[in-house]
Amino acid sequence: SLGSSQCGLFFQPGSTPTSLFATEIYPILVNNCSGCHSAVGNANFSVGGSVTDVYNSILNSTAKNGTSKYIVPNDPVASLLYQRILGNLGSRMPQGGDNLEVTDTDAPADGIFDATEILNWINSGANGP
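Residues numbered from 1 in each chain as written. Predicted model: local features only at pLDDT ≥ 70, side-chain atom pairs only at ≥ 80, totals over all residues. Heavy atoms only, no water.

In terms of nonpolar packing, the biggest core is built from 26 residues, with Phe-21, Leu-29, Ile-58, Ile-71 and Trp-121 touching the most fellow members. Broken down by secondary-structure element, the contributors of at least two residues to this core are α2 (20-37), α3 (51-60), α4 (80-86) and α5 (114-123). The biggest single contributor to this core is α2, with six residues. (Core = buried A, V, L, I, M, F, W, Y, C linked by side-chain atoms within 4.5 Å. Buried < 20%, exposed > 50% of the residue type's maximum accessible area, 1.4 Å probe, protein only. Helix = DSSP H or I, 4+ residues; strand = E, 2+ residues; numbered from the N terminus.)

Right, here's the structure in full:
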C-alpha cells in the first residue's frame, strides 16, 4: 500500500528522528522572538542559541516574577510564554510583531497558526530535540 511505502521516508531505523521542537517550534521562536530575546535580558530565556540551548532555556528558566515557568509540559495555562503570545498576563508577544494566533510564519507555511503549533507541542509534553 502507499502508506507502508512512505513509512520510511521520515524515519529510517537506526537514525534519529527530527523532533517537533527542532522542526516547528524553534523556527517560530527564532523568527518571531529573537529581535528582543536573542539574549537573556528582556526575559530570563534566550532564543539566540542552538536548538538545544533554546530548548533548555525556555524549559528550565524561571520568569522574572520568580515563580512562573515559560513552558510547563502539558499545561498551557501555566506556560508563561504561551500566555504572553495570547496577550494574557501582560502585553501580547511578540510586541509590535505578528499575532501568532492568526499567523503561520513557517517557511513554507503549513496552514497551522504558530500559537496552535506551540499549544499542540505543550499539550504533547513539550519534548525537546
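In this section: the side chain of Glu-24. Position of Glu-24 relative to the elements: it lies in helix α2. For the buried residue Glu-24, which engages in no salt bridge, the nearest side chain bearing the opposite charge is Arg-92, 18 Å off. Glu-24 has contacts with Asp-106, Asp-110 and Glu-117, leaving out every residue within four places of it along the chain. (Lys, Arg positive; Asp, Glu negative; His and termini not counted. Salt bridge = Lys/Arg side-chain N within 4 Å of Asp/Glu carboxyl O. Contact = heavy atoms within 4.5 Å.)

Take α3 next. What α3 keeps buried is the set Val-54, Tyr-55, Ser-57, Ile-58 and Leu-59. Tucked inside the fold, the buried residues of α3 contact α2 and α5.

Take it as geometry only, folks, not as evidence of what the structure does.
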